[in-house]
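# A closer look at the structure
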Amino acid sequence: SDSESGSEDSSLSDSELQEAFSKGLLKPGLNVVLEERPKRRNDTDGLKLCLSEFRQQLAWVERLDVTLGQVADPVSQSASGKDAVDPENDFQREMSFYRQAQAAVLDALPRLRKLQVPTRRPDDYFAEMAKSDQQMQKIRQKLKSKQEAMERSEKAKQLRAMRKYGKKVQTEILQKRQKEKKNMLNAVKKYQKGLSDKLDFLDEEQTLTQGNKKGSANQRIKKGPNAKRRYKNQKFGFGGKKKGSKWNTKESFNDVSSFRPKVAHNKGPGKAGKGGKKALNKRPGKRVRQKMKNRAR
């Protein structure tokens, strides 16, 4: 069968296949005879003919083509020939292209000015963006979110650093207090045991308490009056010196003409004294009150 012959042909070696192909035993379509590749040739005349067919005779302002040769380097006058630029040197090659393009621009600008063609953009020139406003808005929001995230991270770092510093200061203060307390207790023990007769620890404690009181007083002074006091000052004024009509002077102190000894010593009219009359509004005694009650019944 065909499948069996195909399997047999596939199992044959290259030499056997070549022999079978030369004898014509292989079926057509499975193998293609390759012809020799055509030789390449540079048909200059044909290319020029094609170029003359599709070339259009247009003005230069419609074409704007500038063709220049190699431009010498003004700094190093070594580019006198074609072999001056090393094609394998990337920097020299790119600089040669740059100088050639720059010379073409300098050649084209005067021709454009002569033809009154504007070469500068107007001040109100509006160039349409390659990306839409929505896309740019998304990019702006993304950049803003990144910046906010960086700011939050920086704030968190600063807070952590401040917490560490505050904790360190607090630990140092606690250690200092513990050390002072320990020294004072040791001094008290030495004094109780009779090993020392100095009472310096009491002076230190008193100095510390006075310092704390002064500090708190300074804080109170710096704090100033509260809101209630400020409102009353604004409403009623700040007090000040009064008229002093009830103040004593030297003359009023020495003047005793208005002094009444009977009134002063409870001997005036209406007072119950040794030589005075009984008071009219004096409360009656118990017996009199009892008689008055019996009469009322």
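Residues numbered from 1 in each chain as written. Predicted model: local features only at pLDDT ≥ 70, side-chain atom pairs only at ≥ 80, totals over all residues. Heavy atoms only, no water.

As annotated in an unreviewed UniProt entry, the protein carries the name EBP2 protein and comes from Nycticryphes semicollaris. In its Sequence similarities (unreviewed entry) section, UniProt records this for the protein: "Belongs to the EBP2 family." (UniProt positions renumbered as here; feature names shortened; annotations may be inferred.)

Right, let's get into the overall build of the protein. Scanning the protein for helices and strands turns up 11 helices and zero strands. The burial tally for the protein puts 4% of its 297 residues in the buried class. By sequence separation, contacts in the protein at least 24 residues apart represent 39% of the contacts at least 6 residues apart. Roughly 29,900 Å² of accessible area belongs to the protein as shown, and the carbon and sulfur atoms make up 53% of that amount. (Helix = DSSP H or I, 4+ residues; strand = E, 2+ residues; numbered from the N terminus. Buried < 20%, exposed > 50% of the residue type's maximum accessible area, 1.4 Å probe, protein only. Contact = heavy atoms within 4.5 Å. Areas by Shrake-Rupley, 256 points an atom, 1.4 Å probe, with all protein chains shown as cover.)

So, about helix α6 (residues 133–193). With 61 residues, α6 should cover 90 Å at 1.5 Å per step; its first-to-last C-alpha distance of 89 Å lies within 8% of that length. Positive phi shows up at Gly-194, right after α6, with a value of about 85°. (Expected span 1.5 Å × (residues − 1).)

Per the counting criterion, the structure on display carries zero aromatic pairs. The ring of Trp-60 has Arg-111 sitting right over it, with the charged end atom 4.0 Å from the ring centre. (Phe/Tyr/Trp six-rings, centres within 6.5 Å; stacked < 30°, edge-to-face > 60°. Lys NZ or Arg CZ within 6 Å of the ring centre and 35° of its normal.)

As a further point, take the pattern of salt bridges. Taken as a whole and judged by the stated rule, the model has three salt bridges. Glu-19 is the salt-bridge partner of Lys-23, the closest N and O atoms lying 3.4 Å from each other. Taken together, the residues span about one helical turn, with Lys-23 and Glu-19 both in helix α2 (residues 14–23) at a distance of four residues. For Lys-23, a relative accessible area of 58% puts it in the exposed group. (Salt bridge = Lys/Arg side-chain N within 4 Å of Asp/Glu carboxyl O.)

What follows covers a positive patch on the surface. Together, Lys-157, Arg-160, Arg-163 and Lys-164 line one region of the surface with positive charge. Following the sequence through the fold, Lys-157 ends up in helix α6. (Patch = residues over 30% accessible without salt bridge, like charges linked within 9 Å, V, L, I, M, F, W, Y side chains within 5 Å. Lys, Arg positive; Asp, Glu negative; His and termini not counted. Charge placed at Lys NZ, Arg CZ, Asp CG, Glu CD.)

This brings us to a nonpolar patch on the surface. A cluster of nonpolar residues, Val-61, Leu-64 and Leu-115, forms a patch on the protein surface that exposes about 250 Å² of accessible area. Positionally, Leu-64 belongs in the loop between α4 (60–63) and α5 (90–114).

Residue Leu-64 is not a glycine yet carries a positive backbone phi of 55°. Judged by its relative accessible area of 48%, Leu-64 falls in the partly exposed class. Here the phi dihedral of Gln-116 falls at roughly 60°; this positive angle occurs in a residue that is not glycine. For Gln-116, a relative accessible area of 72% corresponds to the exposed category.

All right, on to the environment of Leu-115 then. With respect to the helices, strands and loops of the structure, Leu-115 is situated in the loop between α5 and α6. We classify Leu-115 as partly exposed; its relative accessible area is 47%.

Further remarks concern the side chain of Arg-99. Note on placement: Arg-99 falls in helix α5. Residue Arg-99 is classed as buried on the basis of its relative accessible area of 12%. Of the polar contacts made by the side chain of Arg-99, one reaches the backbone oxygen of Val-71; its length is 3.5 Å. Residue contacts for Arg-99: discarding those within four places in its chain leaves Val-71, Ala-72, Asp-73 and Pro-74. (Polar contact = N/O pair within 3.5 Å; in protein donor to acceptor, adjacent residues only side chain to side chain.)

The subject of this paragraph is the confidence of the model for the protein. The predicted structure's coordinates, where accompanied by low pLDDT, should not be read in detail. Within the protein, residue pLDDT values average 78, and 75% of them lie at 70 or more. When mean pLDDT is compared element by element in the protein, α5 scores highest at 92, while helix α1 (residues 2–11) scores lowest at 47. In this model residues 1–9 is a low-confidence stretch, pLDDT under 50, and it forms three contacts with partners more than four residues away in sequence or in other chains. (pLDDT = per-residue confidence, 0-100.)

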